[in-house]
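Each chain, letter by letter, is given below.
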Amino acid sequence: DTAVSQTPKYLVTQMGNDKSIKCEQNLGHDTMYWYKQDSKKFLKIMFSYNNKELIINETVPNRFSPKSPDKAHLNLHINSLELGDSAVYFCASRAGTMSYGYTFGSGTRLTVV
Amino acid sequence: SQKIEQNSEALNIQEGKTATLTCNYTNYSPAYLQWYRQDPGRGPVFLLLIRENEKEKRKERLKVTFDTTLKQSLFHITASQPADSATYLCALERGSGGGADGLTFGKGTHLIIQP
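Residues numbered from 1 in each chain as written. Chains lettered and ligands numbered in written order. Predicted model: local features only at pLDDT ≥ 70, side-chain atom pairs only at ≥ 80, totals over all residues. Heavy atoms only, no water.

Caption draft 1: View of the environment of proline 44 of chain B. With respect to the element layout, proline 44 of chain B can be found in the loop between strand S4 (32–38) and strand S5 (45–51). C-alpha separation for the pair proline 44 of chain B and glutamate 5 of chain B, spaced 39 residues apart in sequence, amounts to 18 Å. Not counting the four nearest positions on each side in its chain, proline 44 of chain B is found in contact with Leu43, Phe90 and Phe104 of chain A together with Tyr36, Arg37, Gln38 and Leu89 of chain B. (Helix = DSSP H or I, 4+ residues; strand = E, 2+ residues; numbered from the N terminus. Contact = heavy atoms within 4.5 Å.)

Right, here's the structure in full:
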């Protein structure tokens, strides 16, 4: 009964490859996010979707493309992977109003070699 | 630009004492402030949310204060235990509408409770 689940948990791949990370939430939340946590443990927002609609796209290279097939899913596709993309990527979701906390997935550790 | 600062990268506290973590922010007028806990290899876990019109909020051994004049929040863990050892993150909502803009996080304070 995991609330926000991400797959895979670990991803090791070579430079130049294309990879996807999947995220699903079973909480009925309206809004989903992708965050990146770098080697210094700093968490930074990448994208936010509300009811399948892109709301926020931070200064992320266009090699990163989120896709939301429905309200419960938000996948992240990365093209032409670079060494600097190595990080932990977290999916999160939240109910519609600002008075609730966010629920995070357990993260996907991406290592580009 | 908007900034969130947490007072120290690491904090060592003896078991049983009260741990106090500080979060300061600039160029925000937040309606809410949140605290999260993150353990190694895990995602952040929501702990408490405090509104701008609330001075203090408690949950079991946790207490959060919010001073919008000082632009500061204090996070207290009373009767601390080794199991409280983790990184604690302060977060504010970005933007002003609806919350779809997501959170901005501080860099976190790594709390170590020593037996």
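Caption draft 2: View of the interface of chain B and chain A. With 24 residues of chain B at the contact, the number on the chain A side is 24 residues. A combined buried area of about 1,900 Å² lies between chain B and chain A, and 57% of that area is made up of carbon and sulfur atoms. Between chain B and chain A we count one salt bridge in total. With a shortest N-O distance of 2.6 Å, glutamate 93 of chain B and arginine 94 of chain A are connected by a salt bridge. Taken together, the connections running from chain B to chain A amount to five residue pairs in polar contact (both at pLDDT 80 or more). Elements represented by at least two residues in the side of chain B that touches chain A include exactly S4, S5, strand S9 (86–93) and strand S10 (103–105) of chain B. (Buried area = accessible area lost by both parts, 1.4 Å probe. Salt bridge = Lys/Arg side-chain N within 4 Å of Asp/Glu carboxyl O. Polar contact = N/O pair within 3.5 Å; in protein donor to acceptor, adjacent residues only side chain to side chain.)

Caption draft 3: The arrangement of the sheet that holds strand S6 (residues 56–59) of chain B in detail. All names here are of chain B. Taken together, the five strands give an open sheet; going across it, the order is S1-S3-S8-S7-S6, and neighbouring strands pair in antiparallel fashion. Because the sheet does not close on itself, it has two edges, and the strands there are strand S1 (3–6) and S6. Strand-to-strand twist of the sheet, defined as the mean angle between neighbouring strand axes without regard to direction, takes the value 15 degrees. (Pairing = 2+ DSSP bridges. Axes fitted to C-alpha atoms, helices over the stretch in contact; angles between N-to-C directions.)

Caption draft 4: Highlighting the packing of aromatic side chains. This structure, assessed with the given rule, holds 14 aromatic pairs over all chains. With centroids separated by 4.9 Å and ring planes inclined at 25 degrees, the aromatic side chains of tryptophan 35 of chain B and phenylalanine 75 of chain B adopt a geometry described as stacked. In this pair, tryptophan 35 of chain B is assigned in strand S4 and phenylalanine 75 of chain B in strand S8 (residues 72–77), connecting sequence segments 40 residues apart. For the pair shown, tryptophan 35 of chain B and phenylalanine 75 of chain B are each scored as buried. Across from the ring centre of phenylalanine 42 of chain A, 5.7 Å away, lies the NZ or CZ of lysine 107 of chain B, which sits over that ring. (Phe/Tyr/Trp six-rings, centres within 6.5 Å; stacked < 30°, edge-to-face > 60°. Buried < 20%, exposed > 50% of the residue type's maximum accessible area, 1.4 Å probe, protein only. Lys NZ or Arg CZ within 6 Å of the ring centre and 35° of its normal.)

Caption draft 5: Representation of the pattern of salt bridges within the structure. Residues and elements named next belong to chain A. With the rule as written, the count across this model stands at ten salt bridges over all chains. The salt bridge partner of aspartate 30 is lysine 71, with a shortest N-O separation of 3.0 Å. Taken as a pair, aspartate 30 in the loop between strand S3 (19–25) and strand S4 (31–37) and lysine 71 in the loop between strand S7 (64–70) and strand S8 (73–78) lie far apart in primary sequence, 41 residues in all. Residue lysine 71 is classed as partly exposed on the basis of its relative accessible area of 33%. A salt bridge links glutamate 82 to arginine 63; the nearest nitrogen and oxygen atoms lie 3.5 Å apart. With glutamate 82 in the loop between S8 and strand S9 (87–94) and arginine 63 in the loop between strand S6 (53–57) and S7, the pair connects residues that are 19 residues apart, well separated along the chain. Shared partners join several salt bridges into a network, and the residues in it are Arg63, Glu82 and Asp85.

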